[in-house]
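Descriptive structure summary
These are the residues of each chain, in order.
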Amino acid sequence: MAEAKESTSIPLSQADPEDEAKSPPSSPNSSTRKACYAVLQSWVSKKFMTGIVVLFPVAVTFFITWWFIQFVDGFFSPMYARLGIDIFGLGFVTSLLFIVLVGIFASSWMGATVFWLGEWFIKKMPFMRHIYSASKQISAAISPDQNTTAFKEVAIIRHPRHGEYAFGFITSSLILQRDDGDEELCSVYVPTNHLYIGDIFLVNSEEVIRPNLSIREGIEIIVSVGMTMPQMISPIERIQRQNERIPLSRIISL
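Residues numbered from 1 in each chain as written. Predicted model: local features only at pLDDT ≥ 70, side-chain atom pairs only at ≥ 80, totals over all residues. Heavy atoms only, no water.

**Remarks on the packing of helix α4 (residues 90-107) against helix α5 (residues 109-123)**
Where we set the bar: Angles run from 0 to 180 degrees between N-to-C directions of axes, and those axes are lines fitted to C-alpha atoms, restricted for helices to the stretch in contact. Strands are runs of DSSP state E lasting at least 2 residues, helices are runs of H or I lasting at least 4, and numbering of each runs from the N terminus. Orientation labels follow simple angle bins: below 35 degrees gives roughly parallel, above 145 gives roughly antiparallel, 65 to 115 gives roughly perpendicular, and whatever is left gives oblique. Two residues form a contact once any of their heavy atoms are found within 4.5 Å. When residues are sorted by character, Ala, Val, Leu, Ile, Met, Phe, Trp, Tyr, Cys and Pro go into the nonpolar class, Asp, Glu, Lys and Arg into the charged class, and all the rest, Gly among them, into the polar class.
It is at 4 Å that the axes of α4 and α5 come closest, and there the two elements cross at 95 degrees. If you check the angle between α4 and α5, you find them roughly perpendicular. Judged by residue contacts, V102, F105, A106 and S107 of α4 engage W109, M110, G111, A112, V114 and F115 from α5. Classifying every residue of the contact of α4 with α5 gives eight nonpolar, two polar and no charged.

**Quick look at the confidence of the model for the chain**
The test is simple: Values of pLDDT, which run from 0 to 100, indicate the predictor's confidence residue by residue.
Predicted confidence across the chain gives a mean pLDDT of 75, with 75% of residues reaching 70 or more. Averaged pLDDT values for the elements of the chain fall to 46 in helix α1 (residues 2-8) and rise to 86 in strand β1 (residues 153-158). Across residues 1-10 the pLDDT falls below 50, and counting only partners more than four positions away or on other chains, this stretch makes zero contacts in the model.

**Remarks on the pattern of salt bridges**
Cut-off, in case you're wondering: Each reported salt bridge corresponds to a side-chain nitrogen of Lys or Arg within 4 Å of a carboxyl oxygen of Asp or Glu. Relative accessibility thresholds used throughout: buried, under 20% of the residue-type maximum; exposed, over 50%; partly exposed, between the two (1.4 Å probe, protein chains only).
Across all of its chains, the model carries three salt bridges by this definition. Between D180 and R178 there is a salt bridge, and its shortest N-O distance comes to 3.7 Å. For R178, a relative accessible area of 44% puts it in the partly exposed group. Salt-bridge contacts for R178 lead to E183; the nearest nitrogen and oxygen are separated by 2.8 Å. Residue E183 is classed as buried on the basis of its relative accessible area, which comes to 18%. Each of R178, D180 and E183 takes part in one network of salt bridges that share partners.

**A few points about the side chain of N204**
Note the following rule: Distance and chemistry together define a polar contact, namely a pair of N or O atoms within 3.5 Å, with one atom able to donate a hydrogen and the other to accept it when in protein, and with adjacent residues in sequence counting only for side-chain atoms on both sides.
For N204, the position within the fold is in strand β4 (residues 197-204). From its side chain, N204 meets the backbone nitrogen of E206 in a polar contact 2.9 Å long. Once residues within four sequence positions are removed from consideration, N204 is found in contact with E183, E184 and L185.

**What about the pairing of strand β2 (residues 165-176)?**
Threshold: At least two DSSP bridges between two strands are needed for those strands to be called paired.
Where β1 lies against β2, six bridges are found, and the strand directions are antiparallel. When the sheet's bridge partners are listed, A155 is paired in β2 with G168. Counting the residues between successive antiparallel strands, the hairpin from β1 to β2 contains six residues, one of them, G163, with a positive phi of roughly 95 degrees.

**Points about helix α7 (residues 215-223)**
Heads up, the rule is: Our arc is simply the arc of the directions from the helix axis toward the C-beta atoms.
When we look at burial in α7, the residues that qualify are I215, G218, I219, I221 and I222. Buried residues in α7, looked at end-on, bunch into an arc of 160 degrees, giving them a common side. Following α7 by one or two positions, V225 has its phi on the positive side, about 50 degrees.

**Digging into the UniProt feature "transmembrane region" (unreviewed entry) in the chain**
Rule in force here: UniProt positions are given in the numbering used here, feature names are shortened, and annotations may be inferred rather than shown by experiment.
UniProt marks residues 48-69 and 89-122 with the feature "transmembrane region" (unreviewed entry), using the numbering shown here. Between the end C-alpha atoms of residues 48-69 there is a gap of 30 Å, over a span that is 100% helix and 0% strand.

Listed below in C-alpha cells is the structure:
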C-alpha cells in the first residue's frame, strides 16, 4: 500500500511538458493591443480633463447666475402668483427695476434724508449696527460714488518680510506724532479671505507702492485669488516721470 501511494504522488517539477506546450505563448499582437489600449486610455483621460477644465467655469457661472435669478425672482413672484400671472423672469425684471428706482430715489434730497434716518435708527440697535457698518463699508468700496469710507487706492506693501509684497487697499491716512518728528502713515487693508476678512497695517506713506490699477481692478484681483493679475505693474510715480520726460525729449530732438 505504501508503494502504491508513492507511485501516485508526482512532484511538480516532474510535470508533463505537454501541458506546458498546451498554454499559448504571448503573441506580439496581444502586446501591441495592450500598448494601443494604454495610449487610447491616456488620450481619453487627457481630453476628459480638458473638457472638465473648459466646462467647469462655464457651469459655475451659469449655476450662480441661475441661482441669482431665482433668488431675485422670488421677491416679487409671489405677488404675481396671487394675481394669477405666471411668467418666469417677470419677478427678476421687476426686482431690477425696483433697484434702479431705489438708486434714483436715494440720489435725491428726500431719499438721502429718508436713508439717513434709517441709518440712524439701525445704528441705535446693539447687534445690527455692527453688521450694517461692515456691509456698508464693503458696498462703499465698489460704489461709483466714492466717499470717505471707500477704498482710496490700490497699494502694494512689503509684507510679511523683506523681499515679499502684499496686495491691499489704502483706506485712510493719519499723522503719527513722534519725538523726532511727525510721520505720515497710511492705513492699508490687506484682505485675507476675499474682501470680508483681512488685516490692517499702518505703513509709512513713502514705503507704500501705488500701482497703476483702479479700485475695481484691485477687487477683481482679490476675488479671483490673483488669477487676473496683469503681467506688468508700474507705480504711478514712474508713469508720471515718464510722461514728464516726453516733452523734454521732443524738445531735444527738435
